[in-house]
Amino acid sequence: MTGGNLSVATPGKGGTEGAAVMKDNHKAAAAGAPRSRYAELKQMLEERRREIQAEVQGKMRGVREEGTWGGKLNEVLDAVESAEADIQEELEFALIQMKSETLNKINDALIRLEQGDYGNCFECGEEIAEKRLRALPFAVRCKDCEEAREVAEQRERQMAARRGSSSLFFDM
């Protein structure tokens, strides 16, 4: 290892000191693995952030260049064209908003990475699978905990819907 401080057990030392040195050596070697993972995760998050920022900036530029109604500032639009243009604008705005929210989540993930909390599940504390982090770099839960949360939310929505539909009959 370059730059690492590796201690070597000396023959004249007691058995417990030698074991402690070996334990420290193991910690030093293990510390190298998280650093490389840290660097890899940081690079992945920063690349994703750059991609999304470029997309958002491109969309914002496109909206500014086109102006309102898809670039038809000087044209008279009938009701259908106007409605279509409004829907298109709303879709563009929704996409920009979603990308901005994703950027915020990536920035939060970078902060967690700097604090040493990134990559660990908020619920169980276990390490989130690298495959999941690559697909969803701002994931805060492991697959199992996320599925459990989604099932619980779905159950809650069903219960709320049942309560809401049963209250319709009590109003009569």
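Residues numbered from 1 in each chain as written. Predicted model: local features only at pLDDT ≥ 70, side-chain atom pairs only at ≥ 80, totals over all residues. Heavy atoms only, no water.

A. Examining the overall build of the chain more closely. When you go through the chain residue by residue, the secondary structure sums to 4 helices and 0 strands. If you list the helices and strands of the chain from N to C, you get α-α-α-α. Relative to its full complement of 172 residues, the chain shows a buried share of 16%. Considering only residue pairs separated by 6 or more positions, the chain has 55% of its internal contacts joining residues 24 or more positions apart. Of the roughly 12,900 Å² of accessible surface on the chain, a fraction of 54% belongs to carbon and sulfur atoms. (Helix = DSSP H or I, 4+ residues; strand = E, 2+ residues; numbered from the N terminus. Buried < 20%, exposed > 50% of the residue type's maximum accessible area, 1.4 Å probe, protein only. Contact = heavy atoms within 4.5 Å. Areas by Shrake-Rupley, 256 points an atom, 1.4 Å probe, with all protein chains shown as cover.)

B. View of the nonpolar core. Formed by 19 residues in total, the largest nonpolar core has its most connected members in Leu41, Leu45, Ile106, Leu113, Tyr118 and Leu133. Secondary-structure elements contributing two or more residues to this core are helix H1 (15-66) and helix H2 (79-115). Sorting elements by how many residues they give to this core places H2 first, with 6 residues. Leu45 has contacts with Ile106, Ala109, Leu110, Leu113, Tyr118 and Pro137, leaving out every residue within four places of it along the chain. (Core = buried A, V, L, I, M, F, W, Y, C linked by side-chain atoms within 4.5 Å.)

C. Focus on H2. When the terminal C-alpha atoms of H2 are compared, their 54 Å separation across 37 residues agrees well with the 54 Å that a helix rising 1.5 Å per residue should span. A positive phi of about 90 degrees marks Gly116, the residue just after H2. (Expected span 1.5 Å × (residues − 1).)

D. Structural detail: the confidence of the model for the chain. For the chain, per-residue confidence averages 74 on the pLDDT scale, and residues scoring 70 or more make up 69% of the total. A low-confidence stretch, residues 1-33 stays under pLDDT 50, and its non-local contacts, those more than four residues away or across chains, total 11 contacts. (pLDDT = per-residue confidence, 0-100.)

E. Region of the structure containing the side chain of Arg112. Locating Arg112 in the fold gives a position in helix H2. With near-sequence residues (within four places) excluded, Arg112 lies in contact with Asp117, Tyr118, Phe122, Phe138, Ala139 and Val140.

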